[in-house]
Amino acid sequence: MEHDEIYLRAKKRVENLKSFYIHLTVYILVNLMLFFINIITDSNHLWFLYPLGGWGIGVAIHGITTFSSGRFGAEWEERKIKDYMEKDK
């Protein structure tokens, strides 16, 4: 693998990581705000849990796709590509 290709892959991984952390930060701040609004206005019905849970699923999926590079990362992809290329010979 060339140096430029390694650099571009690393840069893409850093951008994905940065994107996840921004998403997580916005999720936490917005849901804290919704929590306080809910408690101040109507503490009998905890409606803030609905966006917390729904958006939380999205954040979890984003985290899984960002940090899944361990098992199904670039090395795994390259190994599989080589396997398929050898089978097609």
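What you see is a predicted model; the values in this text were computed from it and never measured.

How each quantity is defined
- Residues numbered from 1 in each chain as written.
- Predicted model: local features only at pLDDT ≥ 70, side-chain atom pairs only at ≥ 80, totals over all residues.
- Heavy atoms only, no water.
- Helix = DSSP H or I, 4+ residues; strand = E, 2+ residues; numbered from the N terminus.
- Rg over C-alpha atoms; globule rule 2.2 N^0.38 Å.
- Buried < 20%, exposed > 50% of the residue type's maximum accessible area, 1.4 Å probe, protein only.
- Contact = heavy atoms within 4.5 Å.
- Lys, Arg positive; Asp, Glu negative; His and termini not counted.
- Charge placed at Lys NZ, Arg CZ, Asp CG, Glu CD.
- Patch = residues over 30% accessible without salt bridge, like charges linked within 9 Å, V, L, I, M, F, W, Y side chains within 5 Å.
- Areas by Shrake-Rupley, 256 points an atom, 1.4 Å probe, with all protein chains shown as cover.
- Salt bridge = Lys/Arg side-chain N within 4 Å of Asp/Glu carboxyl O.
- Expected span 1.5 Å × (residues − 1).
- Phe/Tyr/Trp six-rings, centres within 6.5 Å; stacked < 30°, edge-to-face > 60°.
- Polar contact = N/O pair within 3.5 Å; in protein donor to acceptor, adjacent residues only side chain to side chain.

Visitor: Where do I start with the overall build of the protein chain in this structure?
Guide: Counting its secondary structure elements, the protein chain contains 4 helices and 0 strands. Each helix (α) and strand (β) of the protein chain, taken in turn from the N terminus, gives the series α-α-α-α. Taken over C-alpha atoms, the radius of gyration comes to 20 Å for the protein chain, far larger than the 12 Å a tight globule of 89 residues would show. Along the first, second and third principal axes, the C-alpha set of the protein chain runs to 65 × 25 × 15 Å. In the protein chain, buried positions account for 12% of the 89 residues. Of the contacts made within the protein chain by residues no fewer than 6 positions apart, 63% connect residues no fewer than 24 positions apart. In the protein chain, which carries 11 positive and 11 negative side-chain charges, the distance between the mean positions of the two groups comes to 3 Å.

Visitor: Hey, could you run me through a nonpolar patch on the surface in this one?
Guide: Together, Ile28, Leu29, Leu32, Phe36 and Ile40 make up an exposed nonpolar region whose accessible area comes to about 520 Å². Tracing the backbone shows Phe36 in helix α1 (residues 3-41).

Visitor: What exactly am I supposed to notice about helix α2 (residues 49-67) here?
Guide: Working note: α-helix, 3.6 residues per turn, so residues spaced by three or four point in the same direction. Over its 19 residues, α2 extends 26 Å from the first C-alpha to the last, a length consistent with the 27 Å expected when each residue adds 1.5 Å. Along α2, the positions that sit buried rather than exposed are Gly56, Val59, Gly63 and Thr66.

Visitor: Can you walk me through the environment of Gly63 in this structure?
Guide: Tracing the backbone through its elements, the reader meets Gly63 in helix α2. The spacing of Gly63 and Lys80 is 17 residues in sequence and 24 Å in space, taken between C-alpha atoms.

Visitor: Explain the packing of aromatic side chains to me, please; I cannot follow it from the model alone.
Guide: The description of two aromatic rings rests on the distance between their centres and on the angle between their planes. This structure, assessed with the given rule, holds 6 aromatic pairs. Arranged with centres 5.7 Å apart and planes meeting at 55°, the rings of Phe20 and Tyr21 form a pair that is tilted. Using a relative accessible area of 45% as the deciding quantity, one classes Tyr21 as partly exposed. Put simply, the rings of Phe20, Tyr21 and Phe67 pair up and form one aromatic cluster.

Visitor: When you look at the side chain of Asn38 in this model, what are you seeing that I'm missing?
Guide: With respect to the helices, strands and loops of the structure, Asn38 is situated in helix α1. Within polar-contact distance, the side chain of Asn38 engages the backbone oxygen of Asp42 at 2.8 Å. Dropping the residues within four chain positions of it, Asn38 is found in contact with Ser43, His45, Leu46, Trp47 and Phe48.

Visitor: Even after reading the chapter, I still don't get the side chain of Thr66, so can you show me in this structure?
Guide: Assignment of secondary structure puts Thr66 in helix α2. If we skip the residues at most four places from it in the chain, Thr66 touches Asn16, Leu17 and Phe20.

Visitor: I tried to follow α1 on my own but got confused; where do I start?
Guide: Over its 39 residues, α1 extends 57 Å from the first C-alpha to the last, a length consistent with the 57 Å expected when each residue adds 1.5 Å. Among the residues of α1, those classed as buried are Phe20, Tyr27, Asn31, Leu34 and Asn38. On the buried face of α1, the contacting elements are α2.

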